[in-house]
Amino acid sequence: MYTTFMFATGIENSIPTINNGRTRIDQMEKCGHYKHWRTDFDLLEDLDIQVLRYGPPLHTSFLGPGRYDWSFADMTFGEIQRRNLIPIVDLCHFGVPDWIGNFQNPDFPDLFAAYAEDFAHRFPWVQLYTPINEMFICAQFSAAYGWWNEQMRSDRAFVTALKHIVKANVLAMERILKVRPDALFIQSESSEYFHAENPAAIKPAEIMNARRFLSLDLNYGRRVDSEMYEFLMDNGMTRDEYHFFLSRSSLRHHCIMGNDYYVTNEHRVRADGMTRAAGDVFGYDEITRQYYERYRLPVMHTETNLVEGPTGQEAVDWLWKQWANVLRVRNTGVPIVGFTWYSLTDQMDWDTALREENNRVTPVGLYDLDRNIRPVGRCYKQLIQDWCDVLPAQSVCLTVPVVRPQDHDDIAVRRHQERLRKMRRKEAKEDDEPRATAQGGHR
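Please read these numbers as outputs of a predicted model, since none were measured by experiment. (Residues numbered from 1 in each chain as written. Predicted model: local features only at pLDDT ≥ 70, side-chain atom pairs only at ≥ 80, totals over all residues. Heavy atoms only, no water.)

Q: Whenever I open this one, the overall build of the protein chain confuses me. Can you help?
A: Each helix and strand in the protein chain was counted, giving 16 helices and 18 strands. Expected size for 443 residues packed as a compact globule is a radius of gyration near 22 Å; at 21 Å, the protein chain falls within 12% of this value. The principal-axis extent of the C-alpha atoms belonging to the protein chain is close to 55 × 55 × 50 Å. Evaluated residue by residue, the protein chain yields a buried proportion of 60% over its 443 residues. Put simply, of all contacts in the protein chain between residues at least 6 apart along the chain, 75% involve residues at least 24 apart. (Helix = DSSP H or I, 4+ residues; strand = E, 2+ residues; numbered from the N terminus. Rg over C-alpha atoms; globule rule 2.2 N^0.38 Å. Buried < 20%, exposed > 50% of the residue type's maximum accessible area, 1.4 Å probe, protein only. Contact = heavy atoms within 4.5 Å.)

Here it is in structure tokens:
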């Protein structure tokens, strides 16, 4: 059993398409992971990192309904199991296979849920999942900004993408729990805030600050605010679709709310609704408290990084600042259980948010693409050494019941799983019971 604070990193596995679906941006390929995956796992041991955000490439693994190519996943997850690393499995990261098309496809939720269940059957020792990464950002960039995948720009396209993405995430959680009743789901969602530049910008900023919660409201079965209810209904969501999410609220009992925070997550809003980057104004501490007060779930800082600048100290200082925010969140009573520098190695073309294929290195990794450690990598290793034994001692109750891969068949684990299986049946039965709602369940 692994019950300490989860220090993590990740292998970047974004796979959006651009150029109207003609070009796929595969970060695992561009960053050399398909070739250097064994070396990448060695780097984790060098850093003493035991938790890894990681997932198989969806577009090459999922060949069609019930058809899979598990060859790469079998190699990599077999090695992860042998090393007894703890993966947080990221099954869908900003893109879908060509045969599905994009997130406007209404068949995507059921198809993806079947894929998630079959993955769980194939790798039953996996316990932690992020079924779909950054659901809000995925819908926003694909269907509101017109950058990726369907490359559409309308409220209706955004709502369509969002409801399909979140429904896929919810159904995947249900199906995985049938296989692994003690599975835990770490949502990994971007934590945003919108600042009004002047009084005339207050209203559009308020709307954006309500809209940022939509993916998690639906995912956790929380009734959305009245203005957002009208927005959803006006742009194609039906009452039945909305009530689907309300009827799955018990799934939140199996969730950890992952908050991603970058220097680009806060925005300045003009009166006409246009936005620009605000920089680090409130910071991770304040914005995470806003999300925690809304959902009251355990929290994990699931993504952050900063480009290494000319001095090499910029990313190091950002790491220190994020960690100070994590400690502040924890000390004010928010149950925070993990921290992630994302990613293990540098990435490619994130200077244009993957909108262009320029093959430019984005130097945000703990290691560069030649697998040489960066200053922030050395500092993260030292941070882990300094704090790994301190945090559990401060609060022995604030731990997550994570089972190491090689322990998943232990008798005690099996007994715990059977208890959770019975609990899940009870939850599902309660979810199915009709509940009174007023005016379609909104408020």
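Now that the structure has been shown, we can carry on.
Q: Looking at this structure, I do not really get unusual backbone geometry. What am I missing?
A: One can expect most non-glycine residues to show negative phi and most peptide bonds to be in trans. In the segment running from Tyr342 into Ser343, the intervening peptide bond is cis, with an omega of 15°. Among the secondary structure elements, Ser343 is positioned in the loop between β16 (336-341) and β17 (347-348). For Ser188, which is not glycine, the phi torsion reads 50° and is therefore positive. Mapping Ser188 onto the fold places it in the loop between β9 (184-186) and β10 (189-190). Judged by its relative accessible area of 0%, Ser188 is buried. With a phi angle near 55°, Arg296 is a residue other than glycine that sits in the positive phi range. Inspection of the secondary structure assignment puts Arg296 in the loop between α12 (283-295) and β15 (299-303). By relative accessible area, which is 52% here, Arg296 ends up exposed.

Q: Help me understand the environment of Glu174 in this model?
A: One can find Glu174 in helix α7 (residues 155-179). Distance in space between the C-alpha atoms of Glu174 and Arg248 is 8.9 Å, their sequence separation being 74 residues. For Glu174, the residues in contact, after removing those within four places along its chain, are Arg248, Leu251 and Arg424.

Q: Help me understand helix α16 (residues 411-432), please; the structure alone is not making it clear to me.
A: Three- or four-residue spacings in an α-helix give side chains the same orientation, since the helix completes a turn every 3.6 residues. Taking 1.5 Å of rise per residue, 22 residues should cover 32 Å, and α16 covers 32 Å from first to last C-alpha, within 8% of that figure. Buried within α16 are the following residues: Val413, Gln417, Leu420, Arg424, Glu427 and Asp431. Viewed end-on, α16 has its buried residues packed into an arc of 80°, placing them on one side of the element. Looking at α16, the residues exposed on the side facing more than 90 degrees away from the buried face are Ile411, Arg415, Arg419, Lys426 and Lys429. Tucked into the core, α16 has its buried residues touching α7. (Expected span 1.5 Å × (residues − 1). Arc of directions from axis to C-beta.)

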